[in-house]
Amino acid sequence: DMVNGTMELNNIDESYSVVLTNLTHNTVYYYQVRSTNTEGSTNSDVVMFQTPKKPPTAPPENFIITVINSTALELQWDLPPEEHRNGIIIAYTLSCEEMISDEYLLVSSPDFPLIVTENGPVSLILNGFRPGTAFNCAVSASNLAATG
């Protein structure tokens with residue numbers, strides 16, 4: 001593992017490749033190659049590359065569902081833990097299903113995915129459930145890389 005260092009390779013007329021490990025996501029790195037022989041040394045141009053962004057690696061925390069009435073639910077959640085956001089959370093995807101006659105039916109909302117304008121807790125009311133039915137809801141977070 002080498003960052004901000006040098007690596008010396010001694011061989012003649014060979015092609016080389018180096019595998020860099022333990023790089024950080026969404027980080028710009030620069031490198032330069034220096035070759036030396038009996039005639040002297042020369043440096044390559046400085047080359048830059050950026051590692052890809054990474055989606056959130058944990059779901060939103062403290063996901064709570066509260067029954068408001070026979071057809072409405074209040075859903076609340078907090079951001080994923082900071083160490084799992086891997087960037088700024090820009091959207092949430094919510095899915096809720098109702099259990100009707102041994103089948104799950106997706107209850108969709110035209111407002112999702114919900115675009116986040118502030119980084120903080122989310123609270124919303126979702127209407128349209130049938131009275132007396134069981135339901136299951138899940139929420140996931142997205143950053144600029146993808147949904148995690």
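See the structure printed just above.
Here's a quick rundown of the structure.

1. Some thoughts on the side chain of Ser 140
Here Ser 140 lies in strand S11 (residues 134-142). You can call Ser 140 buried: its relative accessible area is 18%. Not counting residues within four places of it along the chain, the set of residues in contact with Ser 140 comprises Pro 60, Ala 91, Tyr 92, Thr 93, Thr 147 and Gly 148.

2. A few points about the pattern of salt bridges
Per the counting criterion, the structure on display carries one salt bridge. Glu 98 is the salt-bridge partner of Arg 130, the closest N and O atoms lying 3.7 Å from each other. Here Arg 130 is found in the loop between strand S10 (122-127) and S11, whereas its partner Glu 98 is found in strand S7 (residues 91-100), with 32 residues between them in sequence. Judged by its relative accessible area of 4%, Glu 98 is buried.

3. Things to note about unusual backbone geometry
A positive phi angle, close to 55 degrees, is found at Asn 62, a residue other than glycine. Here Asn 62 is to be found in strand S5 (residues 61-69). One non-glycine residue with positive phi stands out, namely Asn 86, at about 55 degrees. Assignment of secondary structure puts Asn 86 in the loop between helix H1 (82-85) and S7. Residue Asn 86 is classed as partly exposed on the basis of its relative accessible area of 30%.

4. A closer look at the sheet that holds S5
An order of S5-S6-S10 is seen for the three strands of this open sheet, with the pairing classed as antiparallel. At either margin of the open sheet sits one strand with a lone partner, and together these are S5 and S10. Across the sheet, the mean angle separating the axes of adjacent strands is 20 degrees when strand polarity is ignored. As judged from the six bridges shared by S5 and strand S6 (residues 72-78), these two strands associate in the antiparallel manner. Counted as the bridge partner of Val 67 is Leu 73 from S6.

5. Re the environment of Tyr 31
Here Tyr 31 is to be found in strand S1 (residues 28-31). C-alpha separation for the pair Tyr 31 and Val 46, spaced 15 residues apart in sequence, amounts to 5.6 Å. With near-sequence residues (within four places) excluded, Tyr 31 lies in contact with Asp 45, Val 46, Val 47 and Phe 49.

6. What about the packing of aromatic side chains?
Across all of its chains, the model carries five aromatic pairs by this definition. When the centroid spacing of 5.7 Å and the interplanar angle of 50 degrees are considered together, the rings of Phe 129 and Phe 135 count as tilted. The buried category is assigned to Phe 129, whose relative accessible area is 5%. Given the relative accessible area of 32%, Phe 135 is considered partly exposed. Here the aromatic residues Tyr 29, Tyr 31 and Phe 49 are joined through ring pairs into a cluster of three or more.

What counts, and at which threshold
Residues numbered from 1 in each chain as written. Predicted model: local features only at pLDDT ≥ 70, side-chain atom pairs only at ≥ 80, totals over all residues. Heavy atoms only, no water. Helix = DSSP H or I, 4+ residues; strand = E, 2+ residues; numbered from the N terminus. Buried < 20%, exposed > 50% of the residue type's maximum accessible area, 1.4 Å probe, protein only. Contact = heavy atoms within 4.5 Å. Salt bridge = Lys/Arg side-chain N within 4 Å of Asp/Glu carboxyl O. Pairing = 2+ DSSP bridges. Axes fitted to C-alpha atoms, helices over the stretch in contact; angles between N-to-C directions. Phe/Tyr/Trp six-rings, centres within 6.5 Å; stacked < 30°, edge-to-face > 60°.

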